[in-house]
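Coordinates in review
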Amino acid sequence: MKILFIINPTAGKGTAKKSSYHLKNILESKSIDFDFKYTNAIGDAKKICSKFHNKYDLIVVFGGDGTINEAVNGLFGKNTPLGVIPNGTGNDFARSANIPLKINDAINNILNGKKRKIDIGLINGQYFINVVGIGFDGYVNIESKKIKILKGKPVFIAAVLKTLNKWRAVPINITLDKNSFYSKSYLVCISNGWSVGGGLSMTPDAKIDDGFFDICHLKDISPFKIILNFPKLTNGKIAQMNEVKIYKSKKITIKSDSSLPIHVDGEIIMGENKFFEIEIIKNSFNIWSSN
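What counts, and at which threshold
- Residues numbered from 1 in each chain as written.
- Predicted model: local features only at pLDDT ≥ 70, side-chain atom pairs only at ≥ 80, totals over all residues.
- Heavy atoms only, no water.
- Core = buried A, V, L, I, M, F, W, Y, C linked by side-chain atoms within 4.5 Å.
- Buried < 20%, exposed > 50% of the residue type's maximum accessible area, 1.4 Å probe, protein only.
- Helix = DSSP H or I, 4+ residues; strand = E, 2+ residues; numbered from the N terminus.
- Phe/Tyr/Trp six-rings, centres within 6.5 Å; stacked < 30°, edge-to-face > 60°.
- Contact = heavy atoms within 4.5 Å.
- Salt bridge = Lys/Arg side-chain N within 4 Å of Asp/Glu carboxyl O.
- Axes fitted to C-alpha atoms, helices over the stretch in contact; angles between N-to-C directions.
- Parallel < 35°, antiparallel > 145°, perpendicular 65-115°, else oblique.
- Left-handed = near helix turned anticlockwise from the far one by under 90°.
- Nonpolar A, V, L, I, M, F, W, Y, C, P; charged D, E, K, R; others polar.

We now examine the nonpolar core. Among the nonpolar cores identified, the biggest contains 48 residues, and Ile 134, Tyr 186, Ile 190, Met 202 and Ile 254 are the most heavily contacted of them. By residue number, the principal contributor to this core is strand S9 (residues 179–191), which donates six residues.

As C-alpha cells, then:
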C-alpha cells in the first residue's frame, strides 16, 4: 500500500510541523511506502487530493478539521479513501469517527484499517464531514481563532465566554425536510458527527453513517442561563433545556434577513451569509479506519 500524508504545518497551534518529524520516524521504522506533502495556504489540501488521488492507495491528513474538510472536497466522488491522524485544535471529526487522538494509536489505526462508508453533508455547494454551526456557534469559532495559547476544549470554553457578551438571537426561517418554522434563534447546529468544540456536544446522538443530520436548535436565551447549563454540553443532557430542541432531518433550508456567522467543520465562512441549503448524502464517502 502506498500512502500520501498531507501535513498542515500550522495545525494544532503550529505544533504539526514538529510532530511530523516524529511521524516520519515511526513510518520509516514500520517500512511503510509513503510520501509527505505540506500545505502552504488555504485550499492546498483540496488541490493535492484532486491532483494525486489516483497515485496512492490511501491519503491521510495529519492536521485538524479544517484540513480534513479541504481533503473531503478534493476526494469526494473518488475511490481513494481518507485517513486521519488528528493534530488540530479540536479534532472533532476524529472524535465523531472514533479515531484515536494519540499519534501512535492513530498510526496503528491506519495500519490496521479498512474502507468505511460514511455520510457527507453539502452546504451551498461545499461538502462537509462533521458539523455546521450557525449563529452563536459560528461566532464562537470566530473568537476561537483569536486564541493562540490554548488547545482543545479550553479554546472553545474561552471563546464561549467572550461571545456571550457579543451575540444575541436573530429571527430565522428554518425548514427541516417538510417541517417549517420561524424562530428567534440563538444557534442552529447541523451535525453529521456528535463532537464540536474539542469534545463538547450539542447533538450527542449524532452518527456519521445513519443517513440523517441531528440538528440542535436553541431559541432565545440569556447568557446567564447558558453559563448555568454549560455542563450539559459535556454530559449529553443538552436536550433537557426548555430552549433546546433536537431534530433529525435530511435536508435543511435556513433564511435570515441578517448575515449570520457560520463555521463549516470549524472553518469560518466569510461574506453575506443569509441563505443556506444543506443536505446529507448517505454512504457517499470512504474513510479509512479500524473502528
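There's more to say after this.
What follows covers the environment of Ala 159. Here Ala 159 shows up in helix H8 (residues 153–163). When its relative accessible area of 0% is taken as the criterion, Ala 159 is described as buried. A C-alpha to C-alpha distance of 8.7 Å links Ala 159 and Lys 145, two positions 14 residues apart in sequence.

In this section: the packing of aromatic side chains. A full pass over the atoms with the stated rule returns nine aromatic pairs. Ring plane angle 80° and centroid distance 6.3 Å describe the contact between Phe 36 and Tyr 38, whose orientation is recorded as edge-to-face. Taking the relative accessible area as the measure of exposure, Tyr 38 reaches 33% and is therefore partly exposed. Measuring from centroid to centroid gives 5.7 Å for Phe 128 and Phe 213, while their planes differ by 10°, and the two rings are stacked. Here the residue Phe 128 occupies a position in strand S6 (residues 126–128), and Phe 213 occupies one in strand S10 (residues 213–219), the gap between them amounting to 85 residues. For the pair Phe 128 and Phe 213, one class covers both residues: buried. Ring pairs connect the aromatic residues Phe 5, Phe 34, Phe 36 and Tyr 38, which therefore count as one cluster.

Quick look at the environment of Cys 189 now. In this structure, Cys 189 sits in strand S9. Cys 189 gets classed as buried once you look at its relative accessible area, which sits at 1%. Residues Cys 189 and Phe 136, 53 residues apart in the sequence, show an inter-C-alpha distance of 9.3 Å. Beyond its immediate chain neighbours, meaning those up to four positions away, Cys 189 contacts Val 131, Val 132, Asp 137, Met 202, Thr 203, Asp 214, Ile 215 and Cys 216.

Let us now look at the pattern of salt bridges. Overall, the coordinates contain nine salt bridges when judged by the stated rule. Two residues, Asp 210 and Lys 248, come together in a salt bridge whose shortest N-O distance is 3.5 Å. With Asp 210 in the loop between S9 and S10 and Lys 248 in strand S11 (residues 244–249), the pair connects residues that are 38 residues apart, well separated along the chain. Judged by its relative accessible area of 24%, Asp 210 falls in the partly exposed class. Of the charged contacts, one joins Lys 248 and Asp 214 as a salt bridge, the two residues approaching to 2.6 Å between their closest N and O atoms. A residue pair is termed long-range when its members are at least 10 positions apart, and Lys 248 in strand S11 and Asp 214 in strand S10 qualify at 34 residues. Asp 214 gets classed as buried once you look at its relative accessible area, which sits at 3%. One connected set of salt bridges, linked through shared partners, spans Glu 143, Lys 146, Lys 162 and Lys 166.

This paragraph deals with the packing of helix H2 (residues 16–29) against helix H6 (residues 103–111). Contact pair H2 / H6: the axes reach a minimum separation of 11 Å and the direction vectors enclose 45°. In terms of their interaxial angle, H2 and H6 are classed as oblique. When you trace H2 past H6, the crossing you get is right-handed. Residues Ser 19, His 22, Leu 23, Ile 26 and Leu 27 of H2 form the contact with H6, whose own contacting residues are Ile 103, Asn 104 and Ile 107. Across the contact of H2 with H6, the residue classes break down as five nonpolar, three polar and no charged.

Such coordinate-based values are descriptive only and should not be taken to indicate function.
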